[in-house]
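Residue-level listing of the chains:
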Amino acid sequence: MTQQFEISKKDSLGGLRLENTQLSQWQCPDASIKNLDLWNAPHLTKLDLSLCLPGMHLMLVNCPKITEIILPAGAPCYLHLDSPTSPNLTIQGSIAAFDACWPSQQFRVEAPVEKPWQNASLAEADSLNRVTKQQASELAIIYGQSVKVQQPIKLPATRHLLWLDAKHLSHLEVVAPTQLERLELYNALNLQTITTNHLVEALELRACHNLSSVEGQLSYLQVSNHKGKGSLVIHQAVDFLLLQRADITELVAQDIKRLEVNFCRGLTKVVLPTICDVSCEGPVPLPLRKTARLFINEATVKELLKEYQQGKAQALEDLRPLVVQMVEPVQVPRALKLLNDLLQAGADPEWVWQTRQELSARHLRGRRKANQRNLLLSEQQLQYALKQWRWNLPTDLNENAWLDDWRIWVACLKNPKAQAYAKVMAKRLIEAEIQARKPDVPMRVYLWVRHWLNAGDLQLVPVQKMLEKILKALVKEYKVNHLRMVGFAEDTPLPVQLLKQLTLQLKVLTGDTQPLRQALFDYEYRMLAVSDLLERMQSLITEDPAAARRHLLHIAAQKPEFWRGRGSKAEIASLPRQARAMAISIGSLQPA
């Protein structure tokens, strides 16, 4: 079968590599071949693979005279062409993907997964009329251009047309066949305007540097690698417009539904309809920064954060419109961590707090339809967020997100609004401890106290006042219900060991901590089990004998009903006697 080739290698998986032949035509007779690499066939014009397995991969390297390929019937095939010259080629059969390169060009195209192309052709643009009259090819690739300027061009009856290197084309009016789904133009360097007279599902324009006007009804329009710095006007309805690495300074598109802007640094003016979803990758152009229609791209956020950490202050303004759109439950933890990272990188706490409040307002506003999601916030919504501390978070990200939000508040405490927010946070912590557990409530109080102790946050007066309010509120709730509250765990909200650490911490704090000390004792007095309370008093004797004696006498004076539910009958009956004995022992230890 392969004697005509100098090199022939076959593997057990249906792969065959052939090199060096003088044949002009060849048909593969082996029905087991699924992948064929054919190298160096300088005279080969026709290749017949109809007997091979369907869905094959074909690679042709240095076959400059090839004009016809017949593929096996059935599943679509994958073609790879590396040619030393521009080819003129027809392909018969089903095609899933086709990539090719020659000295002046390279490209890759892929068919929709469920709808492969039937037949394909490659030809010079001069042969456009001949291509039109040929057997219908659902993929047509043409290159070069010599048609007259502004002359309407009737395209081949094809589903997908790729036109390469139409470097002299300045105005293109497309008379498109009804079945045209996709039209791509590469390197039409002088193209200024393009008009289509029929609905085209997708139009891609790459490296068309002088393009200024697109007219025609389109489902999808892509303009990429555009080096011209002028304006681009989209005259008719477009469902989705993608600008990618385009240097245009002005975009006018008054009838589009969705816009995506990727790395378009020079854009200074944008005219869009009121309801238009916008997403951005890379630095956010100035006219899009403050739009409420901008969608988040987290890769962009990470890149901008890196730029800011490297000293590029402009990245901060680019970040804000992106961060405030991270409102979905799974996005909020990332947004809060990002704001913490910005604080650590030196961002202005005032800026961070304002951004955090807008994020909170958008999150509290709830889910919106796609065309409503980015509407501007009202003053009422912003004020509502100042009175709420609620995040609806995924369970696995709950604790870290709340702690990140707390760190933001601590870092922004010089802001009067952040200081006032302490009342809101204290109220929310109290509600979360007393009420049934819900997804949007903070962590348990004992976890917060443990964090404050470990992080040294109790040195802050607002945190001391917050803890004092929480302790008083829990005691008040206990007084109302007489028994332990329904929302509590098996033990009291603050474990005994944590209370010991808290008492020791209060001893080293500066300032007036007496109100907090009293609130802490009232909490222990009302909430702890009898055995735990005596243990705490024993520790307090060594820490503060005078306070311990005062508290013990107070404990001894209470009637047994006061301790109901907080110990066994024997423990409650012996409590007054034990408390008086401990108080007397303190008196004997006092200096004369």
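Thresholds, definitions, all that
Residues numbered from 1 in each chain as written. Predicted model: local features only at pLDDT ≥ 70, side-chain atom pairs only at ≥ 80, totals over all residues. Heavy atoms only, no water. Helix = DSSP H or I, 4+ residues; strand = E, 2+ residues; numbered from the N terminus. Contact = heavy atoms within 4.5 Å. Areas by Shrake-Rupley, 256 points an atom, 1.4 Å probe, with all protein chains shown as cover. Salt bridge = Lys/Arg side-chain N within 4 Å of Asp/Glu carboxyl O. Buried < 20%, exposed > 50% of the residue type's maximum accessible area, 1.4 Å probe, protein only. Phe/Tyr/Trp six-rings, centres within 6.5 Å; stacked < 30°, edge-to-face > 60°. pLDDT = per-residue confidence, 0-100. Expected span 1.5 Å × (residues − 1). Arc of directions from axis to C-beta. Pairing = 2+ DSSP bridges. Bend = angle between axes of the 7 residues up to and from the residue. Polar contact = N/O pair within 3.5 Å; in protein donor to acceptor, adjacent residues only side chain to side chain.

**Comments concerning the overall build of the protein chain**
1) Next: For the protein chain, the count of helices and strands is 15 helices and 27 strands.
2) Next: Within the protein chain, residue pairs in contact and separated by at least 24 positions form 32% of the contacts whose partners lie at least 6 positions apart.
3) Next: Carbon together with sulfur atoms contributes 51% to the accessible area of the protein chain, which is approximately 27800 Å² in total.

**A few points about the pattern of salt bridges**
1) Next: By the definition in use, this model includes 23 salt bridges.
2) Next: For D99, the salt bridge identified is with R108, shortest N-O distance 3.1 Å.
3) Next: Put simply, R428 and E431 hold a salt bridge, and the shortest N to O gap is 3.1 Å. Of the two residues, R428 and E431 both sit in helix α8 (residues 416–434), 3 residues apart, roughly one turn of that helix.
4) Next: R428 gets classed as buried once you look at its relative accessible area, which sits at 3%.

**A closer look at the packing of aromatic side chains**
1) Next: Inspection of the entire model under this criterion finds 16 aromatic pairs.
2) Next: Relative to W563, the ring of Y525 lies with its centre 5.7 Å away and its plane at 85°, an arrangement referred to as edge-to-face. Taken together, the residues Y525 in helix α12 (residues 514–527) and W563 in the loop between α14 (545–556) and α15 (569–589) connect sequence positions 38 residues apart.
3) Next: Using a relative accessible area of 4% as the deciding quantity, one classes Y525 as buried.
4) Next: A residue is classified by how much of its surface remains accessible, and W563, at 1% relative accessible area, is buried.
5) Next: Centre to centre, the rings of F562 and W563 are 4.8 Å apart; their planes meet at 85°, and the pair counts as edge-to-face. Residue F562 shares its accessibility class with W563, and that shared class is buried.

**Quick look at the confidence of the model for the protein chain**
A low pLDDT means the predicted coordinates there should not be read in detail.
1) Next: Averaged over all residues, the pLDDT of the protein chain is 83; the fraction at 70 or higher stands at 87%.
2) Next: Contacts of residues 368–373 to residues separated by more than four positions or lying in other chains number 11 contacts, the stretch itself having pLDDT below 50.
3) Next: Confidence over residues 482–491 falls short of pLDDT 50; this stretch has 21 contacts with residues more than four positions distant or in other chains.

**Considering α14**
1) Next: Across its 12 residues, α14 extends 16 Å between first and last C-alpha, which sits within 8% of the 16 Å expected from 1.5 Å per residue.
2) Next: Residues A547, A548, H551, L552, I555 and A556 constitute the buried set of α14. Projected down its long axis, α14 carries its buried residues within an arc of 165°, all on one side.

**A short note on the environment of D522**
1) Next: Along the chain, the position of D522 falls in helix α12.
2) Next: Classification of D522 as partly exposed rests on a relative accessible area of 29%.
3) Next: In sequence terms D522 and K472 are 50 residues apart; their C-alpha atoms lie 7.7 Å from each other.

**Here we look at the pairing of strand β23 (residues 250–253)**
Note on strand geometry: in a regular strand, side chains alternate between the two faces of the sheet.
1) Next: The pairing of strand β21 (residues 231–234) with β23 spans 4 bridges and is classified as parallel. When the bridges of β23 are listed, L232 appears paired with L251.

**Overview of α8**
1) Next: In this model α8 runs 29 Å from its N-terminal to its C-terminal C-alpha over 19 residues, within 8% of the 27 Å that 1.5 Å per residue would give.
2) Next: Roughly 25° is the biggest bend found in α8, and it falls at A422.
3) Next: Where α8 is concerned, the buried positions are A418, Y421, A422, V424, M425, A426, R428, L429, I430, A432 and E433.
4) Next: Between the side-chain oxygen at the start of α8 and the backbone nitrogen of K417 there is a gap of 2.7 Å, and the oxygen is on N415.

**Focus: unusual backbone geometry**
1) Next: The backbone of N187 sits at a positive phi, close to 60°, despite the residue not being glycine.
2) Next: Residue placement: N187 occurs in the loop between β16 (182–186) and β17 (193–196).
3) Next: Judged by its relative accessible area of 22%, N187 falls in the partly exposed class.
4) Next: Residue F263 is not a glycine yet carries a positive backbone phi of 55°.
5) Next: Inspection of the secondary structure assignment puts F263 in the loop between β24 (256–262) and β25 (269–271).
6) Next: On the basis of relative accessible area, F263 is assigned to the partly exposed category, the value being 24%.

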